[in-house]
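Letter by letter, the chains look like this.
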Amino acid sequence: MPEPRVPSPYADRLGAIPTERGLVEVGGRAAHYWVYGDAAAPTTIVAVHGFRGDHHGLEPVVAFLAGPDAPGERVRVISPDLPGFGESQALTGREHSVATYAEWLRGFLRALDLGPETVLLGHSFGSIVSSAACASGLDVAKLILVNPIAAPALSGPRGVLTRLAVFYYWAGARLPERAGYRILGSRLVTRIASLAMVKTKQSALRAWVHDQHDVYFSRFASRQVVLEAFRASVSSDVSTYARDIRVPVLLVAADRDDITALPAQYELQTLFADAQLDVIRGVGHLIHYEKPREAAVAIQDFLR
């Protein structure tokens, strides 16, 4: 696997946080996770990454949430790799659907003996999984959704591109194995997607974001896993589950998000029993990379 070539602008902050790696069995399969921060912290957040990512994606937010000079109360963050991505094993005999991922997430919290005082955070596709888990019985104190998928991706601002992506993943899974992997792991396609999402004009930050996508977007277990997970990511959205969620919810949205336009985020807010919406300006679907400090401040204010 390739290693990052561009230094992280958040490396010093993240390096100051105590970090441990863990392994637990969920559903008979190995699940790898990372723990950031003090075990004695009064609040534990379980952070769920987005599609084709892994735990690395949310580390910039962790750097501002769990660091020694973080605003507000101390927190501990536990960030797993979802099944079939990063270092966690794919599930066997099950489709990697939203319902299956939600069931897996409930099992993951049980395996770590995390109770109802836990806070759940999901980014992008992780916002769908986290919402589905809460709506289907996961007992947590609060729910935080960063760049939530508020409406069907096929009807979003870039619905045409989403339809092209449907064909891309279908072709990647149906072609002969070598050709399929070559397409799904194409750095050109990854770079096009990265360029479409990044909004910052800072050249160093842009280079780092592209490098993160180059390194971590191809760490999936198989072609079938990535196709199933993609289908899951475009087959539902947070609004599907919002009315069944009773805990306080924070939506951290972006004014330039091409996946879900801002009006849909305001509409999503009205579907929850108790939700607040914070809008971060000048960023799109990569709040976790481009504006992690602002996200952390919004999260800490919500926790207080």
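Across its full length, the protein carries 12 helices and eight strands. Residues classed as buried in the protein amount to 58% of the 304 residues present. Within the protein, contacts between residues at least 6 apart in sequence are counted, and of these 76% link residues at least 24 apart. The positive charge centre, built from 31 side chains, and the negative charge centre, built from 31, are 7 Å apart in the protein.

Attention now goes to the layout of surface pockets. Within this model, the second largest pocket holds a volume of roughly 220 Å³. Forming the walls of the second largest pocket are 13 residues, and the residues nearest its centre are Ser8, Leu14, His56, Glu59 and Gln212. At the level of elements, α1 (11-15), α2 (59-65) and α8 (203-216) are the ones that each hand at least two residues to the lining of the second largest pocket. With three residues, α8 is the single largest residue contributor to the lining of the second largest pocket. Of the residues that constitute the lining of the second largest pocket, the class distribution is nine nonpolar, three polar and one charged.

The subject of this paragraph is the packing of aromatic side chains. Counted under the stated rule, the structure contains eight aromatic pairs. Note on Tyr10 and Phe64: the rings are 5.9 Å apart at their centroids and 75° apart in plane angle, and the pair reads as edge-to-face. Separated by 54 residues along the polypeptide, Tyr10 in the segment before α1 and Phe64 in helix α2 bring together distant segments of the chain. Note on Tyr10: relative accessible area 10%, which makes it buried. Consider the rings of Phe51 and Phe85, whose centres lie 6.3 Å apart with planes at 70°: the pair is edge-to-face.

What follows deals with the packing of helix α3 (residues 98-111) against helix α4 (residues 125-135). Orientation of α3 relative to α4, taken along the N-to-C sense of each, is 70°, at an axis distance of 8 Å. Regarding the angle of α3 to α4, the classification is roughly perpendicular. As α3 packs across α4, the resulting crossing turns out to be right-handed. Residues Val98, Tyr101, Ala102, Leu105 and Arg106 of α3 touch α4, and the partners they reach there are Phe125, Ile128, Val129, Ser130, Ala132 and Ala133. For the contact of α3 with α4, the class distribution of residues is nine nonpolar, one polar and one charged.

Moving on, we get to α3. In this model, α3 (14 residues) spans 20 Å end to end at C-alpha, consistent with the 20 Å of a helix rising 1.5 Å per residue. By the criterion of burial, α3 is predominantly enclosed, with 10 of the 14 residues buried. Residue Asp113 follows α3 closely and has a positive phi angle near 55°.

Let us now look at the packing of helix α7 (residues 187-197) against α8. Packing of α7 against α8 brings their axes to within 9 Å, and their N-to-C directions diverge by 135°. Considering their axes alone, α7 and α8 lie oblique with respect to each other. The handedness of the crossing between α7 and α8 comes out as right-handed. Contacts from Arg187, Thr190, Arg191, Ser194, Leu195 and Met197 in α7 reach Arg206, Val209, His210, His213 and Asp214 in α8. Here the contact of α7 with α8 is built from residues that sort into three nonpolar, four polar and four charged.

Attention shifts here to the nonpolar core. In this structure, Leu105, Phe108, Leu120 and Phe272 are the most contacted members of the largest nonpolar core, which totals 57 residues. Broken down by element, this core gets its largest block of residues, seven residues, from α3. Not counting residues up to four positions away in its chain, the partners in contact with Phe108 are Val24, Val26, Tyr33, Val46, Ile78 and Pro80. Ranked by size, the runner-up nonpolar core spans 38 residues in total, among them Phe64, Val75, Leu250 and Ile280.

With that settled, consider the pattern of salt bridges. Per the counting criterion, the structure on display carries nine salt bridges. Note that Asp301 and Arg304 form a salt bridge whose closest N and O atoms lie 2.2 Å from each other. Note on Asp301: relative accessible area 42%, which makes it partly exposed. On the basis of relative accessible area, Arg304 is assigned to the exposed category, the value being 59%.

What counts and what doesn't
- Residues numbered from 1 in each chain as written.
- Predicted model: local features only at pLDDT ≥ 70, side-chain atom pairs only at ≥ 80, totals over all residues.
- Heavy atoms only, no water.
- Helix = DSSP H or I, 4+ residues; strand = E, 2+ residues; numbered from the N terminus.
- Buried < 20%, exposed > 50% of the residue type's maximum accessible area, 1.4 Å probe, protein only.
- Contact = heavy atoms within 4.5 Å.
- Lys, Arg positive; Asp, Glu negative; His and termini not counted.
- Charge placed at Lys NZ, Arg CZ, Asp CG, Glu CD.
- 1 Å grid on protein atoms, 1.4 Å probe; cavity = no way out; pocket = protein on both sides within 12 Å on 5 of 7 lines; lining within 4 Å.
- Points joined across faces, edges and corners; volume = space filled by probe spheres on them.
- Nonpolar A, V, L, I, M, F, W, Y, C, P; charged D, E, K, R; others polar.
- Phe/Tyr/Trp six-rings, centres within 6.5 Å; stacked < 30°, edge-to-face > 60°.
- Axes fitted to C-alpha atoms, helices over the stretch in contact; angles between N-to-C directions.
- Parallel < 35°, antiparallel > 145°, perpendicular 65-115°, else oblique.
- Left-handed = near helix turned anticlockwise from the far one by under 90°.
- Expected span 1.5 Å × (residues − 1).
- Core = buried A, V, L, I, M, F, W, Y, C linked by side-chain atoms within 4.5 Å.
- Salt bridge = Lys/Arg side-chain N within 4 Å of Asp/Glu carboxyl O.

That's the geometry; what it means functionally is another story.
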